[in-house]
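Working through the structure, step by step
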Amino acid sequence: METVLGWVCAYTPEEVFAALGIESFRLCGGENQASAVQYLPVNLCPLARACLSEGLDNAGTGASLSGVVLTASCHALVHLANAFQHARGGNGQFFVHLLDMPRTFGREDDAACRAFAAALRDLAGRLGEFYGAAWSDEAFLTAIDKQQQVRLLLRELYRMRRERPEQFRAAGLLELVRAAGRTRKEELAPVLNSLVASLQDAGSGDNWDSAQDGMQDGGPAAAVFLEHLRRQGSSLGPRLLVTGNSLPPAYFDLIEDLGGNVVGDDLCQSYRYCLPDTEQTLDGGGRDLFMTLARSYLRRPACPRMLAGAERFAYLQALIRECQAQGVVYHALKFCDASIYEYALLRNRFMEAGVPVLYLETEYRDAGLEQARTRIQAFLEVLGPPTEKY
Amino acid sequence: MRLMITAGIDVGSLSTDAVLMRDGETLSQIIINTGAMARAAAERAFELALSAAGLQASDVDAVIATGYGRMSVPFADSQVTEISCHGRGSAWLSPKVRTVIDIGGQDSKAIRIDGKGNVVDFLMNDKCAAGTGRFLEVMAQRLELELAELGREDQQAARAAQISSMCTVFAESEVVSLIAQGVPRPEIVRGLHRSIAERTAGLANRLGLAPEVMMTGGVAKNPGVVRALSEKLGAKIILPPEPQIVGALGAALIAQQKHARQSV
Amino acid sequence: MMDVEGFMRHMLCDRQRWDRVLSSPLTYTLLGGVLRLTRGNWPLDAMYQMGVFAFNETGRAYVGKAPVVWSSAFFPVELAWGLGLCPFSPEVAAAYIATLGFGEETMSMGEQAGYSRDICSFHRCIAGAASAGNLPRPAALLASTHLCDGAPLLFQNLAALYGAPLLALDIPYNSSPEAVRYVAGQLEQLWLSLADVTGQRPDRDKLAEAVRCSERFRVQMQRVNELRCRVPSPVSGNDMLGFVYLFFVGQGSREAAEIAAGLAKEIERRVAGLGRSGQTGTQTEKYRLLWMHLKPYYNNELMKFVEQDGGVLAMEEFSHVYWTPLDPEQPFLSLARKTMSHFAFKPVTERIRVMAELARKYRVDGIVHFSHHGCRTASGGALMIKEALRDEGWPVLVLEGDCIDGRNEACGGMLTRMQAFLEILQERKLGCAL
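All values reported here derive from a predicted model rather than from experimental measurement. (Residues numbered from 1 in each chain as written. Chains lettered and ligands numbered in written order. Predicted model: local features only at pLDDT ≥ 70, side-chain atom pairs only at ≥ 80, totals over all residues.)

1. Some words on the overall build of chain A
Put simply, the test is: A run of H or I in DSSP becomes a helix once it reaches four residues, and a run of E becomes a strand once it reaches two; helices and strands are each numbered from the N terminus. Atoms considered for the radius of gyration are the C-alpha atoms alone. The globule rule reads 2.2 Å times the number of residues to the power 0.38. Burial is judged by counting the other C-beta atoms within 10 Å of a residue's own C-beta: 20 or more makes it buried, 12 or fewer makes it exposed, and any count in between marks it as partly exposed, with every C-beta position built from the backbone. Contact between two residues is assigned when their C-beta atoms, built from the backbone, lie within 7 Å.
Summing up its helical and strand segments, chain A has 14 helices and 8 strands in all. Against the compact-globule benchmark of 21 Å for 390 residues, chain A has a radius of gyration of 21 Å, which places it among compact chains. Along the three orthogonal principal directions, the C-alpha set of chain A runs to about 60 × 45 × 45 Å. In chain A, buried positions account for 55% of the 390 residues. Within chain A, contacts between residues at least 6 apart in sequence are counted, and of these 71% link residues at least 24 apart.

Below, the structure is given as structure tokens:
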């Protein structure tokens with residue numbers, strides 16, 4: 001069985017894994033949380049528990065984990081690392097590392113960047129030692145390059161979705177991004193190229209078929225993704241921005257079934273993965289790639305965990321404008337402090353700014369779909385008259 | 001020398017049981033409804049047990065109270081938790097038992113014991129109705145069945161309906177929905193039994209299962225649940241002849257040991 | 001018989017007047033009087049001294065004698081003392097609000113302010129009290145990220161509410177010379193910002209003095225812990241849990257150092273006078289427990305139950321002195337090392353190791369992990385901790401509960417679990433039936 005290195009958070013530097021030639025696999029967690037039961041209590045982040053189950057059950061795809069790199073984002077992930085260590089780390093054959101990731105507090109800080117760069121360098125060293133892989137700056141540069149390429153292409157798809165949300169299946173994009181975290185970037189790039197090229201030509205829904213017919217160079221994978229990206233039925237209903245914590249694909253399908261259009265999101269398993277890199281910066285004359293990468297990640301618009309308060313709200317407002325969203329769906333994971341506390345802060349801000357917000361709380365399982373249905377439907381009714389589906 | 005007579009009174013949320021023992025032999029066992037007053041139920045159960053054994057209160061050397069209402073038994077010499085009592089009672093009934101699973105009306109417990117019936121570890125679920133007798137009560141009512149009929153209904157099922165909700169309230173909505181869809185009642189019942197088995201198995205696995213496994217408590221009388229749990233755990237389940245009195249039995253046994261130690 | 005709590009409950013019986021009562025100097029004068037009158041009722045005189053300190057500081061905060069800064073539980077509060085500020089712990093306030101019986105209504109207010117019941121009840125209570133204007137207005141809010149995710153997040157929200165800056169310390173998980181320097185650098189910046197925001201002069205000598213006081217506190221509390229290392233226990237661990245006030249708010253103050261020294265002397269005298277009968281104060285010691293995390297503050301039932309059944313908290317996790325000597329000449333490096341050395345922000349195996357060591361040292365019969373609902377840090381690892389300690393031969397009870405919110409405890413499940421655990425311990429000790 002193939003062995004892969006598992007990871008979770010969108011701030012995880014896949015570039016470092018790729019530079020060392022290590023196959024990596026983004027854990028996203030599924031319905032099954034049974035294996036987590038002996039290690040993590042029920043009142044802990046369901047995403048962490050789902051990822052633990054996924055990891056212990058061999059990632060459901062026949063790939064076995066050789067280790068995990070988790071960011072020290074929050075105590076749920078700290079305990080996820082503890083759980084993996086407890087479950088698999090006994091014989092020293094399983095790699096477990098918690099990567100320190102500074103909180104940015106909404107400002108650029110040299111000391112924080114240096115600390116993150118040091119943490120990345122340290123990670124590279126440990127991985128190299130464990131996997132017996134040699135470091136090369138060249139390979140690192142190539143990996144960074146390829147990652148940027150993939151992100152660029154994914155952003156293109158998001159832009160298209162923003163322009164014609166009625167054609168795109170939001171869950172399809174989410175699935176594509178999840179897959180991106182499990183695929184070698186050099187293999188994924190041509191697939192994405194093909195997708196983007198085909199969809200660019202297809203100006204309206206009618207041409208989606210011709211897009212499928214005209215797919216070149218992408219191979220069967222591209223065709224499958226295209227099929228998954230295609231919205232069944234359509235809607236000219238309210239435009240929504242989804243933010244908060246990771247939301248399983250079924251919920252996006254539900255929103256669309258009920259007539260909503262997801263025009264943008266700020267989610268770890270979705271758009272946050274594709275956030276633009278800043279230009280490469282020079283560090284004191286030399287070219288410290290770790291410093292470059294660190295700065296690039298930390299300069300991203302902050303996620304709720306970063307304690308960036310006002311900056312977060314400003315960013316979300318900008319996103320709302322950019323996507324022309326009529327409303328926001330704020331998804332809080334049960335027991336997720338970052339999203340629960342942030343909601344308490346943002347809801348007032350959104351209210352004052354006149355932005356309608358729906359608070360959705362799930363346990364990261366499809367079992368919650370029925371309760372979500374009523375809330376989402378009511379929210380869509382608030383935002384606008386019911387629209388016809390055709 | 002006269003043999004020692006002890007009594008165990010288990011005051012549960014739904015039923016109150018009393019067991020009289022003399023030197024390792026059960027003299028009588030009584031099960032009544034607790035009703036609205038724990039103290040009155042305890043007194044009545046004790047009275048009934050005495051009369052069934054042809055004894056008087058003064059014949060009894062020691063009484064131990066257990067269960068939810070154990071603090072409401074003024075005539076008890078001491079009170080011990082139902083965890084220890086179920087552990088002791090199960091071991092006495094079947095010395096090979098190392099794991100006891102008790103599903104009662106309002107809570108469920110998983111208890112690990114050693115070879116002597118001493119509790120080694122335990123886990124309780126009393127915060128959530130799912131996984132307890134209450135869950136089945138709610139569902140039985142919805143399906144217009146008596147609790148006692150659930151087992152037989154399950155036997156008629158060709159397959160189990162899928163009940164995915166973790167919560168009693170939502171599971172009930174699911175059942176309503178299944179009824180509306182025309183799913184055969186036996187299949188719904190089997191699905192519910194699987195549901196409660198899954199919850200219980202989760203509790204037991206968190207504790208760590210060690211064979212042999214015994215099931216106690218009122219729900220153990222439902223063969224559908226027993227079978228579903230046995231399948232889920234992948235283990236044989238031993239059933240006591242009367243699952244409901246295991247707590248009171250254990251209390252009477254503990255009274256015996258405690259009293260014997262004190263008189264030495 | 002009058003007692004401090006009764007007095008406070010009476011003073012605060014009308015919520016509408018809380019603001020007036022809490023910011024009136026007369027309240028604290030009267031409180032001082034009640035404290036003096038009830039001095040003899042405290043099991044330890046050090047508790048009286050701490051009460052005086054706590055209420056003086058509360059008075060200082062509410063009456064507005066010095067700039068108030070809020071400090072989260074594990075933040076190196078020496079920085080605030082070194083600037084002559086008045087540190088206030090809203091978390092301690094939440095515990096006290098619960099003790100006085102106002103927890104439920106305050107938490108409801110927090111829930112109305114948008115905080116889900118799945119987050120820590122300390123923070124829900126603080127959010128409620130803040131929304132009602134019951135807490136002293138802070139000039140700045142200080143939080144560290146290493147032992148609690150919720151506190152910095154809550155403080156971020158309340159910083160916006162009060163229009164005061166959040167000064168937060170980002171603590172890395174992995175230790176290294178660079179990481180220590182990163183934290184030390186943040187501490188220095190934070191100290192300067194704090195001085196600026198509160199209009200104080202950043203005086204290195206005063207900071208050094210605060211660190212000196214903190215070091216004295218450390219030495220004395222370590223002495224206390226050494227003295228407690230005997231059978232029977234010379235103090236009630238439940239009483240000792242009250243001293244978390246000093247650990248959270250007092251380190252760096254002269255008073256905390258003095259109280260700790262007084263406590264050590266008191267226990268020394270007790271130890272000298274202890275009889276052989278197993279008596280500690282008025283109780284008989286039947287089971288020695290190592291207690292992890294905190295306890296319910298909304299009522300005393302659990303701890304009373306433990307003690308009346310002969311249970312003694314021989315040692316608590318929160319009383320453990322885990323950090324090395326502080327150097328007043330290197331305040332930022334010292335405080336960085338102190339914060340980073342906490343065993344609960346390391347692989348869980350470290351927390352397990354420390355607890356196992358304490359369990360051995362204090363010769364306990366069993367270990368109780370109080371799993372406060374909403375505490376991801378402590379409770380997240382509880383199952384793994386239980387398994388590991390059990391493998392080493394310790395009986396462990398993971399007791400699910402809540403420090404502030406007693407609403408789910410109506411059915412007595414927590415007491416049943418505690419009793420069942422003590423029954424297990426009794427079996428092991430006596431080797432036979434209960």
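Read on, since the account is not over.
2. Let's talk about the sheet that holds strand S2 (residues 24-26) of chain A
Residues and elements named next belong to chain A. How we decide: Should DSSP find at least two bridges between two strands, the strands are taken to pair. Every axis corresponds to a line fitted to the C-alpha atoms, with the helix fit spanning only the stretch in contact, and the corresponding angles, defined between N-to-C directions, vary from 0 to 180 degrees.
Overall, parallel pairing links the 4 strands, which are arranged S2-S1-S3-S4 in an open sheet. A strand with exactly one partner marks an edge of an open sheet, and here the two such strands are S2 and strand S4 (95-99). Looking at each pair of strands side by side, their axes are set apart by 25 degrees on average, direction ignored. Taken together, the 5 bridges between strand S3 (residues 64-71) and S4 define a ladder with parallel strand orientation. Bridging across to S4, Val 68 finds its partner in Val 96. Contacting S3 and S4, helix H4 (residues 110-131) runs over the sheet at an angle of about 175 degrees to S4.

3. A closer look at the domain arrangement of chain A
All names here are of chain A. What counts is decided by this rule: Reported domain spans reflect what an automatic or database domain assignment gives. Nonpolar residues are Ala, Val, Leu, Ile, Met, Phe, Trp, Tyr, Cys and Pro. Charged residues are Asp, Glu, Lys and Arg, and all others, Gly as well, are polar.
Assigned domains within chain A: domain 1 (3-135), domain 2 (137-165 + 169-230) and domain 3 (234-268 + 303-390). At the interface, 8 residues of domain 2 touch 11 residues of domain 3. The greatest single-element share of the side of domain 2 that touches domain 3, amounting to 4 residues, is contributed by helix H6 (residues 170-180). In the side of domain 2 that touches domain 3, the residues fall into 4 nonpolar, 1 polar and 3 charged.

4. A short note on the interface of chain A and chain C
Where interface size is quoted, it is often the accessible area lost as the parts come together. Each side of the interface is counted separately: chain A has 36 residues, and chain C has 35 residues. Contributing elements (two or more residues each) for the side of chain A that touches chain C: helix H3 (75-88), H4 and helix H13 (337-352) of chain A. The residue makeup of the side of chain A that touches chain C, split by class, is 23 nonpolar, 8 polar and 5 charged.

5. What to know about the confidence of the model for chain B
For the record, the criterion: Confidence of the predictor at the level of single residues is captured by pLDDT, which takes values from 0 to 100.
Mean pLDDT over chain B works out to 91, with 99% of the residues at or above the 70 mark. Scored as a complex, the prediction yields pTM 0.91 and ipTM 0.95.

6. A word on the domain arrangement of chain B
Residues and elements named next belong to chain B. Taken domain by domain, chain B consists of domain 1 (1-94 + 241-264) and domain 2 (96-239). With 15 residues of domain 1 at the interface, the matching set in domain 2 holds 25 residues. Element by element, the count of residues in the side of domain 1 that touches domain 2 is highest for helix H2 (residues 82-93), at 8 residues. Looking at the side of domain 1 that touches domain 2 residue by residue, the class counts come to 6 nonpolar, 8 polar and 1 charged.

7. Points about the nonpolar core
Our working definition: Each nonpolar core comprises buried Ala, Val, Leu, Ile, Met, Phe, Trp, Tyr and Cys residues, the members being joined through C-beta atoms within 7 Å.
Leu141(C) and Leu290(C) are the most contacted members of the largest nonpolar core, which totals 315 residues. Per element, the largest residue contribution to this core is 11 residues, and it comes from H4(A). Apart from residues lying up to four places away in sequence, Leu290(C) is in contact with Ala314(C), Met315(C), Met355(C), Leu358(C), Ala359(C), Tyr362(C), Val364(C) and Ile367(C). Listed in part, the 36 residues of the second largest apolar core include Ala38(B), Ala41(B), Phe46(B) and Val246(B).

8. Quick look at the sheet that holds strand S1 (residues 68-71) of chain C
Residues and elements named next belong to chain C. Taken together, 4 strands build an open sheet; the order of strands is S2-S1-S3-S4 and the sheet is parallel. Edge positions in the sheet fall to strand S2 (86-88) and strand S4 (166-169), since each of these pairs with one other strand and no more. Geometrically, the sheet is characterised by an average inter-axis angle of 25 degrees between neighbouring strands, direction not taken into account. Taken together, the 4 bridges between strand S3 (residues 140-144) and S4 define a ladder with parallel strand orientation.

9. Description of the packing of helix H8 (residues 121-131) of chain C against helix H9 (residues 150-162) of chain C
All names here are of chain C. To keep things clear, this is the line we draw: Throughout this description, any angle smaller than 35 degrees is read as roughly parallel, any larger than 145 degrees as roughly antiparallel, any in the 65 to 115 degree range as roughly perpendicular, and the remainder as oblique.
Packing of H8 against H9 brings their axes to within 11 Å, and their N-to-C directions diverge by 10 degrees. For the element pair H8 / H9, the angle class is roughly parallel. Residues His 123, Ile 126, Ala 127 and Ala 130 of H8 lie in contact with H9, whose contacting residues are Gly 150, Leu 154, Leu 158 and Leu 161.

10. A word on unusual backbone geometry
The omega torsion of the bond from Pro211(B) to Glu212(B) falls at 0 degrees, within 30 degrees of zero and hence cis. A positive phi angle is found at Phe105(A), which is not glycine, with a value near 55 degrees. For Phe105(A), the position within the fold is in the loop between S4 and H4. Even without a glycine there, the phi angle at Gln324(A) is positive, about 50 degrees.

11. A few points about the interface of chain C and chain B
Chain C puts 13 residues into the contact, and the matching count from chain B is 14 residues. Grouping the amino acids of the side of chain C that touches chain B by side-chain chemistry returns 6 nonpolar, 4 polar and 3 charged.

12. What to know about helix H16 (residues 331-340) of chain C
Owing to its 3.6 residues per turn, the α-helix aligns residues three or four sequence positions apart on the same side. Summarising burial for H16(C): 8 of the 10 residues are buried, a large majority. Looking at the buried side of H16(C), the elements it contacts are helix H5 (78-81), S3, helix H10 (177-198) and helix H11 (204-227) of chain C.

13. Quick look at H13(A)
Test applied: Between the first and last residue of a helix there are one fewer steps than residues, each counted as 1.5 Å, and that sum is the expected span. Values of bend correspond, residue by residue, to the angle between axes fitted over the seven residues ending at that residue and the seven starting there.
Taking 1.5 Å per residue as the helical rise, H13(A) with its 16 residues ought to reach 22 Å, and the 23 Å between its terminal C-alpha atoms agrees with that figure. By the largest-angle criterion, Ala344(A) marks the main kink of H13(A), which is about 30 degrees. Those residues of H13(A) lying buried are Asp337(A), Ala338(A), Ser339(A), Ile340(A), Tyr341(A), Glu342(A), Tyr343(A), Ala344(A), Leu345(A), Leu346(A) and Phe350(A). Against the buried residues of H13(A) lie strand S5 (239-244), helix H12 (309-323), strand S7 (327-333) and strand S8 (357-362) of chain A together with H9 and helix H18 (376-379) of chain C. Two residues or fewer past H13(A), Gly354(A) is found with a positive phi of approximately 75 degrees.

14. Focus on the environment of Glu105(C)
Residue and element names in this part refer to chain C. Along the chain, the position of Glu 105 falls in helix H7 (residues 103-112). For Glu 105, a count of 13 C-beta atoms within 10 Å corresponds to the partly exposed category. Along the chain, Glu 105 and Gly 128 lie 23 residues apart, while their C-alpha atoms are 8.4 Å from each other.

15. Re the pairing of strand S1 (residues 3-7) of chain A
Residues and elements named next belong to chain A. Applied cut-off: Assignment of crossover handedness uses the view with strands pointing away from the viewer, where a clockwise path from the first strand over the helix to the second indicates a right-handed crossover.
The element S1 is largely enclosed, with a buried count of 4 among its 5 residues. Two strands pair when backbone bridges link them, and S1 and S3 are joined in this way by 5 bridges, in the parallel orientation. Its bridge partner being in S3, Val 4 is matched across the sheet by Leu 65. Pairing of S1 with S2, which is carried by 3 bridges, proceeds in the parallel orientation. Bridge pairing links Leu 5 to Ser 24 in S2. Taken together, S1, helix H1 (residues 14-19) and S2 constitute a β-α-β crossover, and its handedness is right-handed.

16. A short note on the packing of helix H3 (residues 133-142) of chain B against helix H5 (residues 168-180) of chain B
All names here are of chain B. For clarity, the cut-off: For any helix crossing, the convention is left-handed if the near helix is rotated counterclockwise from the far helix by under a right angle, and right-handed if that rotation is clockwise.
Where H3 meets H5, the axes come as close as 10 Å, and the angle between the chain directions of the two elements is 25 degrees. As far as their axial angle goes, H5 and H3 are roughly parallel. Crossing hand, H3 versus H5: right-handed. Residues Phe 135, Val 138, Met 139 and Arg 142 of H3 lie in contact with H5, whose contacting residues are Thr 168, Glu 172, Val 175 and Val 176. Here the residues of the contact of H3 with H5 are counted per class, giving 5 nonpolar, 1 polar and 2 charged.

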